[in-house]
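Descriptive analysis of the structure
For reference, the chains in residue letters:
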Amino acid sequence: MPTAASADPDPAATATPGTRPPSAAQGQSGQDAVRIEGLHKSFGTLEVLKGVSLTAKQGDVVAIIGGSGSGKSTMLRCINFLETPSAGKIVIDGEEIEMRADGSPANRRQIERIRTRLAMVFQSFNLWTHRTLLENVIEVPIHVLKVPRAEAIAQARTLLQRVGLANKEDSFPAFLSGGQQQRAAIARALAVDPSVMLFDEPTSALDPELVGEVLTVIRDLAAEGRTMLLVTHEMRFAREVADHVVYLYQGQIEEQGPPAEVFGNPKSDRLRQFLQSVS
Amino acid sequence: MELILETLGLTETAALLSLSSPGWGANLLRGLANSLQIALGAFGMGLVIGLFGAYGKLYGGPILRDLLAIYTTVIRAVPELVLILILYYVGTDLINKLAQFMGYGRVEISGVVAGIWVLGIVQGAYATEILRGAIQAVPPGQIEAARAYGMPALLTLRRVTIPALMAFATPGLANLWLIATKDTALLAVVGFNELTLETKQAASSTRSYFTFFLAAGGLYLMVTLCSGVVFARIEKWARRGQPSLRQGGL
Ligand SMILES: Nc1ncnc2c1ncn2[C@@H]1O[C@H](COP(=O)(O)OP(=O)(O)OP(=O)(O)O)[C@@H](O)[C@H]1O
Ligand SMILES: [Mg+2]
């Protein structure tokens, strides 16, 4: 299968999901859960991402921080093609997403398949309001992944229990607190057994007293070795759970490194100012 | 029973409305059945047109959007009676010309099919606007979540958009359905045997105008009342995930 406009056509990239091709180009690429190279994104004339490159290995927790409008959400949304990148390369589990020259996806099926391996948790939860929590969690396994219904339900109950919502499975989202809704959204994300979880400010829409319950769930997931990209304004939390911290400034990575370095010994003036302004 | 009718002076009325001949009750019921059949068909066809129309208006290219704008504007501007006459005569004429052109003889077009077709086109214009508004009322985040989890477009439509828009569309669609049931009466002008025409025939044969039109009015009212019950249930179901505005005090 010819991959349009890509420098490194990988014949194994079209293999069955989950099998990672042994890539010759880079020795460690088999362990990369997400690799972004030279990602650009413009909205009209506004260039929001100006060439971002980022790698998350299996089991990595990458925290993405930065000021408002720096392009954090846009970057996360480009990874699963909720936004169409203008240019760049995105590789998930060693499988490169086929893009046309203008960045639009060349293979809709591939995008849909890859999206089931990337679970997104939104700032505003985005649960399906006409479905109960249980129905929300089983929806994708049953209708997209074709898991047998009984199996999906059993798994969903386990997940709801895990996020502390065992007794709420028949409730509709609108009748729950923000923290409960976000935990349900995390259960929905886990139900697809994703290779990578994408969190876009999962606690920003929550009342302060509800933030903790959601962070606890995310902390557990990090500890169990889930790969995640986490956009957050909770600096203390980022420092605690992240393996790697990326500071985005006006569409470019200004500084990145281990949390102790980035938070404890920031090199760039902008990062230093940013950290002062949020603490 | 007979005693009651007699004391009320309704013996004659009962005879006129009797289901067995020489009463005209069966004719009225047959007319009602025809009316309902057309109304259901037209409403269904209107929903399908409306869904395509709404999507076309929201996401279509400029040409499609213009065409749909013309369709909804013209249909909603011209009186329905005129539309029915135009669509019925033009439609049947076109089909016959086409049939002759392709070497078939004159085709007999069934009244029910013609009625559904004509009213369906009218209903489609209104349904387009109702559904367009309802689609826009669905929180975009819910559709985005479906996309983010790999749902293809049609599955998203079926599992997320349509169930979510029902909450916003049901009241408007209920109205549209009632209009459909009553618009069937307009088909009397093209000689279709729906409830109104059957009533008129019964009334003029027996000269009991008051009795028959009152009976027909009663039947239309019953349809409306039953529809009300059905749509109330549909709406309750469609809004199941939304807190009631009345709950929560004050
Ligand atoms: N759909 C869009 N159309 C036009 N401009 C957009 C769109 N989405 C985002 N932008 C712009 O892109 C820039 C980056 O937005 P983005 O949402 O990625 O920032 P962010 O870092 O997530 O900020 P925040 O912390 O406020 O969420 C902003 O200037 C925003 O106005
Ligand atoms: Mg954002």
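Residues numbered from 1 in each chain as written. Chains lettered and ligands numbered in written order. Predicted model: local features only at pLDDT ≥ 70, side-chain atom pairs only at ≥ 80, totals over all residues. Heavy atoms only, no water.

Looking at the overall build of chain A
When helices and strands are tallied, chain A shows nine helices and 10 strands. When each of the 279 residues of chain A is scored for burial, the buried share is 56%. A separation threshold of at least 6 residues defines the contact pool for chain A, and within that pool the share at least 24 residues apart is 63%. As presented, chain A carries roughly 11,800 Å² of accessible surface, and 48% of it is formed by carbon and sulfur atoms. (Helix = DSSP H or I, 4+ residues; strand = E, 2+ residues; numbered from the N terminus. Buried < 20%, exposed > 50% of the residue type's maximum accessible area, 1.4 Å probe, protein only. Contact = heavy atoms within 4.5 Å. Areas by Shrake-Rupley, 256 points an atom, 1.4 Å probe, with all protein chains shown as cover.)

Brief notes about the pairing of strand β4 (residues 87-92) of chain A
All names here are of chain A. Bridge analysis of strand β1 (residues 32-43) against β4 gives five bridges, and the strand direction is antiparallel. Bridge assignment links V34 to a residue of β4, and that residue is I92. With two bridges joining them, β4 and strand β5 (residues 95-96) adopt antiparallel strand pairing. Paired with V91 across the two strands is E96, which belongs to β5. (Pairing = 2+ DSSP bridges.)

Looking at the packing of aromatic side chains
Across all of its chains, the model carries five aromatic pairs over all chains by this definition. Aromatic pair Y247 of chain A and F274 of chain A: ring centres 5.2 Å apart, planes at 35°, arrangement tilted. Of this pair, Y247 of chain A sits in strand β9 (residues 244-249) while F274 of chain A sits in helix α9 (residues 269-278), placing them 27 residues apart in sequence. Both rings, one in F43 of chain B and one in W177 of chain B, keep their centres 5.6 Å apart while their planes meet at 70°; by these two values the pair is edge-to-face. Here F43 of chain B is found in helix α3 (residues 25-59), whereas its partner W177 of chain B is found in helix α8 (residues 153-183), with 134 residues between them in sequence. Among the residues examined, W177 of chain B registers a relative accessible area of 10% and is labelled buried. Among the aromatic residues, ring-to-ring pairing joins F43, W177 and F231 of chain B into one connected group. (Phe/Tyr/Trp six-rings, centres within 6.5 Å; stacked < 30°, edge-to-face > 60°.)

Topic: the pattern of salt bridges
If the charged atoms of two oppositely charged side chains come close together, the side chains can form a pair. Residue and element names in this part refer to chain A. Scanning all chains against the criterion turns up 22 salt bridges over all chains. Here R113 ties to E95 by a salt bridge, and the two come within 3.0 Å at their closest N and O atoms. On the criterion of sequence distance, the pair formed by R113 in helix α2 (residues 108-115) and E95 in strand β5 is long-range, its members being 18 residues apart. Relative accessible area serves as the criterion here: at 4%, E95 is assigned to the buried category. Between R226 and E224 there is a salt bridge whose closest N-O contact spans 3.3 Å. Judged by relative accessible area, R226 falls into the buried class, the value being 15%. Salt bridges linked by common partners bring D32, R35, E37 and K89 together as one network. (Salt bridge = Lys/Arg side-chain N within 4 Å of Asp/Glu carboxyl O.)

Considering helix α6 (residues 208-223) of chain A
Given 3.6 residues per turn, any residue in an α-helix points the same way as the ones three and four places further on. Residue and element names in this part refer to chain A. For α6, with 16 residues, the first-to-last C-alpha span of 23 Å sits near the 22 Å given by 1.5 Å per residue. Three or more residues of α6 are buried, namely L210, V211, V214, L215, V217, I218, L221 and A222. Here the buried residues of α6 occupy an arc of 160° about the axis, which is enough to place them on one side. Relative to its buried face, α6 has exposed residues pointing more than 90 degrees away, namely E209 and A223. Buried residues belonging to α6 abut β3 (61-66), α4 (149-162), α5 (178-190), β7 (196-200), β8 (228-231) and α7 (235-241). Backbone geometry just downstream of α6 places G225 in the positive-phi region, at approximately 95°. (Expected span 1.5 Å × (residues − 1). Arc of directions from axis to C-beta.)

Notes on the sheet that holds β7 of chain A
Residues and elements named next belong to chain A. Across the sheet, which stays open at both edges, the six strands sit in the order β6-β7-β8-β3-β9-β10 with mixed pairing between neighbours. The open sheet has two edge strands with one neighbour each: β6 (118-121) and β10 (252-257). Strand-to-strand twist of the sheet, defined as the mean angle between neighbouring strand axes without regard to direction, takes the value 20°. In the sheet, β7 pairs with β8 via four bridges, with the strands oriented parallel. Looking at β8, one finds that L198 is bridged to L229. Its contacts with the sheet place α5 against β6 and β7, and it is angled at close to 175° to β6. (Axes fitted to C-alpha atoms, helices over the stretch in contact; angles between N-to-C directions.)

Things to note about the interface of chain B and chain A
Every contact between the two is made by 23 residues of chain B and, on the other side, 28 residues of chain A. Summed over both partners, the interface of chain B with chain A comes to about 2,200 Å²; 56% of that surface belongs to carbon and sulfur atoms. Notably, a salt bridge pairs E144 of chain B with R77 of chain A, separated by 2.8 Å at the nearest N-O pair. At the surface where chain B touches chain A, the tally comes to 11 residue pairs in polar contact (both at pLDDT 80 or more). Where the side of chain B that touches chain A is concerned, the elements lending two or more residues are α7 (140-148) and α8 of chain B. For the side of chain B that touches chain A, a count of residues per class yields 12 nonpolar, six polar and five charged. (Buried area = accessible area lost by both parts, 1.4 Å probe. Polar contact = N/O pair within 3.5 Å; in protein donor to acceptor, adjacent residues only side chain to side chain. Nonpolar A, V, L, I, M, F, W, Y, C, P; charged D, E, K, R; others polar.)

Some thoughts on the packing of helix α3 (residues 133-143) of chain A against α4 of chain A
Two numbers describe a pair of packed helices, the interaxial angle and the distance between the axes. All names here are of chain A. Contact pair α3 / α4: the axes reach a minimum separation of 9 Å and the direction vectors enclose 130°. Comparing their axes, α4 and α3 come out oblique. The way α3 lies across α4 gives a crossing that is right-handed. Across the interface between the two elements, L133, L134, V137, I138, P141 and I142 of α3 pack against R149, A152, I153, Q155, A156, R157, L159 and L160 of α4. Across the contact of α3 with α4, the residue classes break down as 11 nonpolar, one polar and two charged. (Parallel < 35°, antiparallel > 145°, perpendicular 65-115°, else oblique. Left-handed = near helix turned anticlockwise from the far one by under 90°.)

Observations regarding the site of ligand 1
Residues and elements named next belong to chain A. In the neighbourhood of ligand 1, 13 residues make up the surrounding shell, with S68, G69, K72, S73 and T74 lying closest. One of the side-chain nitrogen or oxygen atoms of E201 is found 3.1 Å away from an oxygen atom of ligand 1. Contact with the protein chains removes 60% of the 630 Å² of surface that ligand 1 exposes when unbound. Tallied by class, residues from the shell around ligand 1 come to three nonpolar, eight polar and two charged. (Near = heavy atom within 4 Å.)

Focus on unusual backbone geometry
All names here are of chain A. The residue F81 is not glycine, and still its phi comes out positive at about 65°. Under the relative-accessibility criterion, F81 is labelled buried at 3%. Despite not being glycine, N126 has its phi angle at roughly 55°, a positive value. Mapped onto the fold, N126 is located in the loop between β6 and α3. The class for N126 is buried, based on a relative accessible area of 10%.

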